[in-house]
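Each chain is listed here by its residues.
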Amino acid sequence: MQLSHTRPVTAARFDDPNLMSTAGLVPVMALAQASGLLALADQHLSVPTDKGAHAGRKVGSLVGGMVAGADSIADLAIVRHGAMGTVFDRPYAPSTLGSFLREFTFGHVRQLDAVASRFLCALAQRSPLVAGIDTGRVLVDIDDTIIEVHGHSKQGSGYGYSGVRGLNALLATVTTDTAAPVIVAQRLRRGACGSPRGAARMVADALAAVDRLRTHGTESAAESTPKVLVRVDSAFYGHPTLGAAIAAGADVSVTVRLTSTIKRAIESIDDDAWTPIEYTDALYDEDTDTWISCAEVAEIPFVAFASQKKAHRIPGRLVVRRIPDLRPKKDQDQGTLFDIWRFHAFFTTTDPTDLDTVAADKLHRNHAIVEQVHADLKNSALAHLPSGRFTANAAWLVCAVMAFNLTRAAATLTGDPKLTKATTGTIRRTLVSVPARIASSARRLTLHLPTHWPWETAWNTLFESMFHQNQPIIA
């Protein structure tokens, strides 16, 4: 693509008050308002002084700015350009929003957590955000991530397991067979904190949120739905985390380290118990209806925390995957008398009749989906933690989660299967960052959008689902 020769560009002026660059915020924020975001913030937040006044509109400005792509307090100025002040009532200045965040205490962050949880339930009622949660398998993934910061002025920052200076964000996501992950619980922690710190509380909060999403206020629905499966990695292998999941009525699937106990259990597996699985470079043999693969799985009964008191012991099964050890040896010319394997094991309490060995292994490996959520957030509002105050950054994290869930909910209302499971960056580029010019007639606004917009149908479907127009008003 090259510039036009017949009509060359010779000037540019920022002088049109009727233009806006993020017309997609109109239906998205209509969804947020219809789901009670502003009312919930006004009801639950008690941030003091004049800086905490009109909490609902300020939280709405924060979430709206993040949906539009803001990843710092200064970037929130995106909600105040051109016609934004005409389409929206009182979009707040970045300095006002920064002062609002800095007034937060830990208690106010917990109040904002309550807002986020209720807002998610309202979004689920107004959109197919968590489709299948009341009928199919529900997966809860919990993991933490380090958000890198620079300088020593960030409260709580430190060097954690990743070796970089940052703050630690613990997230819990929910995924179904038909819905992309949404975040049901979040907590910001100091950078040097260990992964399992506070994980038991996170598990309880996440499973309580799943119950609310499943029942929508009815107790009968919870009895007929399958058990939730909580998936975590080896950092969370401990009785507090797994015990919290079991106590809440969920199954667990957790990676285990190769300790001496685990190694002895693996050694007890019979040679004929291993089953080839679909894996890297695997081939499917149609004649025998089996996979020909170098990777194999097997399982044995196992009791977790057998050395602890009886109340802490959890019976289940140990599923082990083995692959040939292809790492380079010191002596490349020296052969081996027998195969050398690398083992990857996880402990699960799932019913073998529901998930056999191969299915349980494949399902557990999909736990990596939570890493995609981390990457998605870091490509959006969590690219930075913008304040030097820890509680302000904790509130920023909660707002980022609400923006993430809101963006996903808006995408599900388009009916486009490609957008339903797309990243928030893709949704922002296709649905939110659409330029428009406003026109006023009879005290009503009409948005004029670009012709031949590739995602026009999806955008119109979202718009009409929020404003219930029989005839499109987009010109």
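If you're wondering where the values come from, they're calculated on a predicted model, not measured in any experiment.

J.: Would you explain the packing of helix α6 (residues 106–126) against helix α7 (residues 199–215) in this entry?
T.: When two helices pack together, their arrangement is given by the angle between the helix axes and the distance between those axes. Remark: α6 packs on α7, axes separated minimally by 10 Å, with the N-to-C direction vectors making an angle of 30°. Taken together, the axes of α6 and α7 are roughly parallel relative to one another. Helix-helix and strand crossings are classified by hand; for α6 and α7 the assignment is right-handed. Of α7, the residues touching α6 (which contributes Arg110, Ser117, Leu120, Cys121 and Ala124) are Arg201, Asp205, Arg212 and Leu213. Within the contact of α6 with α7, the residues separate by chemical class into 4 nonpolar, 1 polar and 4 charged.

J.: Looking at this structure, how should I read the pattern of salt bridges?
T.: Where charged atoms of side chains with opposite charge meet at close range, the side chains can pair. Under the defined criterion, the tally for this structure stands at 13 salt bridges. What emerges from the salt-bridge pattern is a single network uniting Arg110, Asp113, Arg187, Arg201 and Asp205.

J.: Would you mind going over helix α3 (residues 55–67) with me for this structure?
T.: For an α-helix the count is 3.6 residues per turn, leaving residues at separations of three or four pointing the same way. The end-to-end C-alpha distance of α3 is 18 Å, a good match for the 18 Å that 13 residues give at a rise of 1.5 Å each. Of all 13 residues in α3, 12 are buried, a share of seventy percent or more. For α3, the set of buried residues is Ala55, Gly56, Lys58, Val59, Gly60, Ser61, Leu62, Val63, Gly64, Gly65, Met66 and Val67. Against α1 (25–34), α2 (37–44), α5 (94–102), α6, α13 (390–412) and α15 (424–432) lie the buried residues of α3.

J.: Teacher, can you tell me more about the layout of surface pockets here?
T.: Any empty space left between the atoms is revealed when a probe the size of a water molecule rolls over them. Approximately 800 Å³ is the volume attributed to the largest pocket. Forming the walls of the largest pocket are 27 residues, and the residues nearest its centre are Met29, Gln33, Val87, Phe88 and Asp89. In terms of residue count, α1 provides more of the lining of the largest pocket than any other element does, 6 residues in total. Of the residues assigned to the lining of the largest pocket, the class counts are 16 nonpolar, 7 polar and 4 charged.

J.: Mind showing me how you'd approach the side chain of Thr350 here?
T.: Here Thr350 shows up in the loop between β13 (341–348) and α11 (357–365). For Thr350, a relative accessible area of 6% translates into the label buried. Separated by 2.9 Å, the side chains of Thr350 and Arg317 make a polar contact. Within the local environment of Thr350, its side chain forms a polar contact with the side chain of Thr348, the two groups lying 3.0 Å apart. When residues no more than four places from it in sequence are discounted, the contact partners of Thr350 are Leu229, Asp251, Arg317 and Leu355.

J.: How do you make sense of the nonpolar core when you look at a structure like this?
T.: The nonpolar side chains of soluble globular proteins are, as a tendency, buried together. Counting residues in hydrophobic clusters, the biggest one holds 130 residues, and the most contacted among them are Leu112, Trp396, Met402 and Leu406. Residue contributions to this core peak at 16 residues, all from α13. Once you skip the residues sitting within four places of it in the chain, Met402 turns out to touch Leu37, Val59, Val63, Leu112, Val115, Ala116 and Phe119.

J.: I keep staring at the side chain of His108 and nothing clicks. Help me out?
T.: Within the secondary structure, His108 is located in helix α6. Apart from residues lying up to four places away in sequence, His108 is in contact with Leu45, Ser46, Val47, Pro48 and Glu103.

J.: Would you take a moment to explain the state of the cysteines for this structure?
T.: Two cysteines form a disulfide when their sulfur atoms are joined by a covalent bond. In total, this model carries 0 disulfides according to the counting rule given. No disulfide involves Cys121; its nearest neighbouring cysteine sulfur is the one of Cys399, lying 18 Å away. For Cys399, a relative accessible area of 1% gives the class buried.

J.: Looking at this structure, I do not really get the packing of α3 against α13. What am I missing?
T.: It is at 9 Å that the axes of α3 and α13 come closest, and there the two elements cross at 60°. Classed by the angle they form, the pair α3 and α13 counts as oblique. Where α3 crosses over α13, the handedness of that crossing is right-handed. Two secondary-structure elements touch here, α3 through Val59, Leu62, Val63, Met66 and Val67 and α13 through Trp396, Cys399, Ala400, Met402, Ala403, Leu406 and Thr407. A breakdown of the residues in the contact of α3 with α13 according to their chemical character gives 11 nonpolar, 1 polar and no charged.

J.: I would appreciate a short explanation of α11 in the present structure.
T.: All buried positions along α11 are accounted for by Thr357, Ala360, Asp361, Leu363 and His364. In an axial view of α11, the angular spread of the buried residues amounts to 165°, which keeps them on one side of the axis. Of the surrounding elements, those touching the buried residues of α11 are β2 (138–148), β6 (229–232), β7 (251–256), β11 (296–304), β12 (314–324) and β13. Between the side-chain oxygen at the start of α11 and the backbone nitrogen of Val358 there is a gap of 3.3 Å, and the oxygen is on Asp356.

J.: Any chance you could explain the packing of aromatic side chains here in plain terms?
T.: Any pair of aromatic rings gets described here by the distance separating the centres and the angle formed by the planes. Evaluation of the coordinates by the stated rule reveals 7 aromatic pairs. With centroids separated by 5.7 Å and ring planes inclined at 65°, the aromatic side chains of Trp453 and Trp455 adopt a geometry described as edge-to-face. Among the residues examined, Trp455 registers a relative accessible area of 28% and is labelled partly exposed. For Lys58, the ring lying beneath its charged end belongs to Tyr92, and the centroid distance is 5.5 Å. Sitting above the plane of the Trp341 ring, Arg322 keeps its charged end 4.1 Å from the centroid.

The rules behind these values
- Residues numbered from 1 in each chain as written.
- Predicted model: local features only at pLDDT ≥ 70, side-chain atom pairs only at ≥ 80, totals over all residues.
- Heavy atoms only, no water.
- Axes fitted to C-alpha atoms, helices over the stretch in contact; angles between N-to-C directions.
- Helix = DSSP H or I, 4+ residues; strand = E, 2+ residues; numbered from the N terminus.
- Parallel < 35°, antiparallel > 145°, perpendicular 65-115°, else oblique.
- Left-handed = near helix turned anticlockwise from the far one by under 90°.
- Contact = heavy atoms within 4.5 Å.
- Nonpolar A, V, L, I, M, F, W, Y, C, P; charged D, E, K, R; others polar.
- Salt bridge = Lys/Arg side-chain N within 4 Å of Asp/Glu carboxyl O.
- Expected span 1.5 Å × (residues − 1).
- Buried < 20%, exposed > 50% of the residue type's maximum accessible area, 1.4 Å probe, protein only.
- 1 Å grid on protein atoms, 1.4 Å probe; cavity = no way out; pocket = protein on both sides within 12 Å on 5 of 7 lines; lining within 4 Å.
- Points joined across faces, edges and corners; volume = space filled by probe spheres on them.
- Polar contact = N/O pair within 3.5 Å; in protein donor to acceptor, adjacent residues only side chain to side chain.
- Core = buried A, V, L, I, M, F, W, Y, C linked by side-chain atoms within 4.5 Å.
- Disulfide = S-S within 2.5 Å.
- Arc of directions from axis to C-beta.
- Phe/Tyr/Trp six-rings, centres within 6.5 Å; stacked < 30°, edge-to-face > 60°.
- Lys NZ or Arg CZ within 6 Å of the ring centre and 35° of its normal.

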